[in-house]
Amino acid sequence: MEDIKISIIVPVYNVEKYLKKSMDNIVNQTLKDIEIICINDGSTDNSLSILENYAKNDPRIIIINKKNEGVAIARNTGIAVAKGEYIGCSDPDDWIELDMYEKMYNQAKKLDSDIVICDYIGYVEAEDKFKKLDFWKIAEKQNKKKVIEVTPNVNLDKEVIYKSLLVSPGYSWNKIYKAKLIKDNNIKYGTSPKISDDIFSLRAQICANRISYIKEPLYVYNIRQGSIVRNLDDGTYGFLFNVFDDIRDCLIKENLMDELRVNFEHYVTCVGAWYERQLPKHNLRPYKKYFLRDKEYQYFLKYMKRGFRYHLGEFKNKLYSKENTKTHKIVKLAGIKLKFKKK
């Protein structure tokens, strides 16, 4: 197929439960001039068979089979063979609006944007409900309430882009990137299996001249147990500090550390706290080297304590909880469920 507008890269590993819904929304995009590069990353379930069934009926689908090495290497593999004018990524357990890539591509062409960003919405699988996630309403500094104000449907000022670096989430799946930007600058995903997007997005946004934003949630992020970012173990911490080091080194190399010091410290605080909240470690000394001033490090320690309090609250909820239905009051105590009929 010639004149491919967007190459959509889908890294796939053991997601048979979600894959059909995700693929349905990709193959039925209103933008037809796309290629869909599916990287089967050593799946041991029925994922490959599902992909092969789609590929039989759609010549735009390319399947690459490889051993399991993680989402970062899978995406880099897809970028290496991508032929589209722009590159997008979609995770196989999420789904997208049917006109997502048409809207993003049209804006990219209209404004000659190197990167186009759209809003997204979360879906909490365990609760079967949607959760609004505002991409830009994030504090600009750790201890102030200023937010980054972004005008949609125009190319953003470089000042706004720099203010948002490491402050707004670095996800790849709500963005399209001009392929020439990525390939000319040799931008690749980091080697961390759990936090690979951030260094990629940082380098891409530093290299980009024009970035635009669509204020519409076109991507649905499936917040589920068992996903890569929630399947944590002790090895996560080695990767976490590798990511911090890579980002710090990138900012120093680009002579941006002085300008973005606050952003970087904010990033370490928020990302570190998130991982501590999921898998608490009480030795926080390794974090200290990332803070220039003791004042900011002390703020970081206070922020971390909120995460520890969260864990105590979570434990309490597991020990004791109650809920009401129309006919009963249900109390859970130490794993025992007691049901009382209402009068």
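Residues numbered from 1 in each chain as written. Predicted model: local features only at pLDDT ≥ 70, side-chain atom pairs only at ≥ 80, totals over all residues. Heavy atoms only, no water.

A. Region of interest: the overall build of the protein chain. Counting its regular elements, the protein chain contains 10 helices and 12 strands. Here the protein chain holds 343 residues, and the buried ones make up 50% of them. In the protein chain, of all internal contacts separated by at least 6 residues, the share reaching a separation of at least 24 is 75%. (Helix = DSSP H or I, 4+ residues; strand = E, 2+ residues; numbered from the N terminus. Buried < 20%, exposed > 50% of the residue type's maximum accessible area, 1.4 Å probe, protein only. Contact = heavy atoms within 4.5 Å.)

B. Here's a closer look at helix α3 (residues 71-81). By the burial criterion, the buried members of α3 are Val71, Ala72, Ala74, Arg75, Asn76, Gly78 and Ile79. Against the buried residues of α3 lie β1 (6-12), β2 (34-41), β4 (86-89), α6 (179-184) and α7 (197-207).

C. Region of interest: the confidence of the model for the protein chain. Mean pLDDT over the protein chain works out to 82, with 76% of the residues at or above the 70 mark. A low-confidence stretch, residues 138-145 (pLDDT under 50), is modelled with 25 contacts involving residues beyond four sequence positions or located in other chains. (pLDDT = per-residue confidence, 0-100.)

D. The pairing of strand β8 (residues 175-178), seen in detail. The two faces of β8 match: Lys175 and Tyr177 on one face and Ile176 and Lys178 on the other face are all buried. With 3 bridges joining them, β4 and β8 adopt antiparallel strand pairing. Paired with Tyr86 across the bridge in β8 is Lys178. Examined bridge by bridge, strand β6 (residues 115-124) and β8 share 3 bridges and lie antiparallel to one another. Residue pairing for β8: Ile115 is matched across the bridge by Tyr177. (Pairing = 2+ DSSP bridges.)

E. Main features of the packing of aromatic side chains. Going through the model one piece at a time under the given rule, you end up with 23 aromatic pairs. Ring centres of Phe244 and Tyr267 lie 5.9 Å apart, and the angle between their planes is 80°; this geometry places the pair in the edge-to-face category. Taken together, the residues Phe244 in helix α8 (residues 236-253) and Tyr267 in helix α9 (residues 257-278) connect sequence positions 23 residues apart. Using a relative accessible area of 0% as the deciding quantity, one classes Phe244 as buried. Ring pairs connect the aromatic residues Phe241, Phe244, Phe264, Tyr267, Tyr287, Tyr290, Phe291, Tyr297 and Phe300, which therefore count as one cluster. Between the NZ or CZ atom of Lys21 and the centre of the ring of Trp95, over which it lies, the distance is 3.6 Å. (Phe/Tyr/Trp six-rings, centres within 6.5 Å; stacked < 30°, edge-to-face > 60°. Lys NZ or Arg CZ within 6 Å of the ring centre and 35° of its normal.)

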